[in-house]
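Descriptive structure summary
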Amino acid sequence: MFSKRLFIVLALLLILLITIGSGVDFPTRPVQIIVPWSAGGATDVLFRSIASVFPKYANGQPLVVNNIPGGGAVPGTMEFLRAKPDGYTLLSFAAPILIKSHMDPVEFSADSFEPVILIVNDPCYILVRKDAPWKDLREYVEYAKQNPGKITIGNGGAGGGTHLAALAFESFAKIKLTHVPFEGGGPAVTALVGGHINSYMGAAPEGLANVDSGQLRILGVFGSKRLDKYPDVPTAKEQGFNFQFGMWRGVAVQRGTPKEIVDRLHTIFYRAMRDPEFQKKARELSLTLDYKGPASFAKFIKDYDKYYENLIKSNKLGNKYKY
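Being a predicted model, the structure only gives us computed values, none of them experimental.

1. A few points about the packing of aromatic side chains
- Summed over the entire model, instances satisfying the criterion amount to 25 aromatic pairs.
- For the ring pair phenylalanine 169 and phenylalanine 222, a centre distance of 4.9 Å and an interplane angle of 50 degrees mean the geometry is tilted. Of the two residues, phenylalanine 169 sits in helix α6 (residues 161-173) while phenylalanine 222 sits in strand β8 (residues 216-222), which places them 53 residues apart along the sequence.
- A relative accessible area of 1% means that phenylalanine 169 is categorised as buried.
- Owing to a relative accessible area of 1%, phenylalanine 222 belongs among the buried residues under this scheme.
- Here phenylalanine 297 and phenylalanine 300 contribute two aromatic rings whose centre-to-centre distance is 6.2 Å and whose plane-to-plane angle is 45 degrees, an arrangement assigned as tilted. Of this pair, phenylalanine 297 and phenylalanine 300 both sit in helix α11 (residues 294-314), separated by three residues, roughly a single helical turn.
- Its relative accessible area of 0% is what places phenylalanine 297 among the buried residues.
- With relative accessibility at 10%, the residue phenylalanine 300 sits in the buried group.

Pasting the structure below:
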């Protein structure tokens, strides 16, 4: 009898250990996601939208957005990397972080992160005030050619994604712009609305509420097709500029995070992406949803890492590489 009871106890203990190890009970407390930019930018808005449905699929636990802006996303990224690899501190892993690793000497690279899921891949666009003298990209570029350095263009952070997008377009169009960095897309859009800069290189949903209210206009979209919400705004290619550039955003954890936790987080975010409430919000924000799981997201990152490196080197950008 004793042996039978001992066997039952051991069996129950084994089941308990397997359950814990599989991450089934994860999370049991709030999960934070670090956004290394100011509130109001594209990445911040995306994850606040995800956070509104996150508890439905995470045992009722909330997703807490922690903004750590400044320093070209380096301080926030380093705060993430110093956290325990237990799945409770996530990173809003976005293109600017990977770009920064090639623009400047930093303590991280593409290999520093464990990809969980890709959520969006949004084309960039140039915004101007409603009263700006340029009605499209052609006029903007022509003016820039005739007045080198006179047009100011804001970005979400020096060495970040929208900064590189603006630099790359500047190089492609053979024009000279004056770049003005901000600590995120939100402050940059505010500066544009206030007339402190002439233009802004952004990605959905940055500035689109201001477009809807009539304060701002989109000169052109750097994607393969027009934005569904703005069918009258042509792509750059339609205006004679065969140039594309986008901002992707997903979730990463620290290297060494248990696979079962990575898989559980992937499931939570995947279900949140498919949630009708979030999908409605994504359409309102003109987000381009682009799901990729851990393996395909890892390959995606590897490919883009090489692309950014080549782009930066070929245009002699940043101060990491010696030219």
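Next comes the rest of the write-up.
2. Considering the domain arrangement of the protein
- Each domain of the protein was delimited in the assignment, giving domain 1 (31-121 + 246-315) and domain 2 (123-239).
- The straight-line distance from the C-alpha centre of domain 1 to that of domain 2 is 24 Å.
- Facing the 27 residues of domain 1 at the interface are 24 residues of domain 2.
- Contact with domain 2 buries area across many residues of domain 1, yet Met103, Met247 and Ser286 alone supply 24% of it, more than any other trio.
- On the surface where domain 1 and domain 2 come into contact, there are zero salt bridges.
- For the pair domain 1 and domain 2, the interface holds four residue pairs in polar contact (both at pLDDT 80 or more).
- Elements with a minimum of two residues in the side of domain 1 that touches domain 2: α2 (42-51), α4 (95-103), β9 (246-254) and α11.
- Considering every element that reaches the side of domain 1 that touches domain 2, the biggest residue donor is α4, with four residues.

3. What about the pairing of strand β5 (residues 152-155)?
- Of the two faces of β5, the one carrying Thr152 and Gly154 and the one carrying Ile153 and Asn155 are both buried.
- Alignment of β5 against strand β6 (residues 178-181), held across four bridges, turns out to be parallel. When the sheet's bridge partners are listed, asparagine 155 is paired in β6 with proline 181.
- As for the winding sense of the linkage, the β-α-β connection from β5 through α6 to β6 is right-handed.
- Across two bridges, β5 lies against strand β7 (residues 199-203) in parallel orientation. The partner of glycine 154 across the bridge, within β7, is tyrosine 200.

4. Let's talk about the environment of serine 314
- Relative to the helices and strands, serine 314 is located in helix α11.
- Relative accessible area serves as the criterion here: at 56%, serine 314 is assigned to the exposed category.
- Placed 42 residues apart in sequence, serine 314 and alanine 272 show a C-alpha to C-alpha distance of 39 Å.
- Only 3.1 Å separates the side chain of serine 314 from the backbone oxygen of leucine 311, close enough to count as a polar contact.

5. A few points about the nonpolar core
- Membership of the largest hydrophobic core comes to 106 residues, with the highest contact counts inside it found for Phe93, Ile119, Ile126, Phe169, Phe245, Trp248 and Phe269.
- It is strand β4 (residues 113-129) that contributes the most residues to this core, eleven residues altogether.
- Looking at this core, you find at least three residues from each of domain 1 (31-121 + 246-315) and domain 2 (123-239).
- Setting aside residues no more than four positions away along its own chain, isoleucine 126 makes contact with Leu137, Tyr140, Ile153, Phe169, Ser199, Tyr200, Met201, Arg217, Ile218, Leu219, Gly220 and Phe222.

6. Side note on the packing of α4 against α11
- Put simply, α4 and α11 touch, their axes get as near as 9 Å, and they point 45 degrees apart. Relative to α11, α4 is oriented oblique. For the pair α4 and α11, the sense of crossing is right-handed. On α11, the residues touching Ala95, Leu98, Ile99, Ser101, His102 and Met103 of α4 are Ile301, Tyr304, Asp305, Tyr308, Glu309 and Ile312.
- Here the contact of α4 with α11 is built from residues that sort into eight nonpolar, two polar and two charged.

7. Quick notes on the pattern of salt bridges
- Applying the stated rule across the entire model yields 18 salt bridges.
- A salt bridge links arginine 48 to aspartate 44; the nearest nitrogen and oxygen atoms lie 2.9 Å apart. Linking arginine 48 with aspartate 44, this pair stays in helix α2, spanning four residues, or about one helical turn.
- Looking at aspartate 44, the relative accessible area reads 3%, which means it is buried.
- Its salt-bridge partner being aspartate 122, residue arginine 249 comes within 3.4 Å of it at the nearest N-O pair. Residue arginine 249 is found in strand β9, and its partner aspartate 122 is found in strand β4; the two are separated by 127 residues along the sequence.
- For arginine 249, a relative accessible area of 4% corresponds to the buried category.
- The class of aspartate 122 is buried, set by a relative accessible area of 0%.
- Counted as one network, the salt bridges with shared partners bring together Lys56, Asp275 and Glu277.

Here is what the cut-offs are and how they apply
Residues numbered from 1 in each chain as written. Predicted model: local features only at pLDDT ≥ 70, side-chain atom pairs only at ≥ 80, totals over all residues. Heavy atoms only, no water. Phe/Tyr/Trp six-rings, centres within 6.5 Å; stacked < 30°, edge-to-face > 60°. Helix = DSSP H or I, 4+ residues; strand = E, 2+ residues; numbered from the N terminus. Buried < 20%, exposed > 50% of the residue type's maximum accessible area, 1.4 Å probe, protein only. Domains from an automatic or database assignment. Contact = heavy atoms within 4.5 Å. Buried area = accessible area lost by both parts, 1.4 Å probe. Salt bridge = Lys/Arg side-chain N within 4 Å of Asp/Glu carboxyl O. Polar contact = N/O pair within 3.5 Å; in protein donor to acceptor, adjacent residues only side chain to side chain. Pairing = 2+ DSSP bridges. Right-handed = clockwise from strand over helix to strand, strands pointing away. Core = buried A, V, L, I, M, F, W, Y, C linked by side-chain atoms within 4.5 Å. Axes fitted to C-alpha atoms, helices over the stretch in contact; angles between N-to-C directions. Parallel < 35°, antiparallel > 145°, perpendicular 65-115°, else oblique. Left-handed = near helix turned anticlockwise from the far one by under 90°. Nonpolar A, V, L, I, M, F, W, Y, C, P; charged D, E, K, R; others polar.

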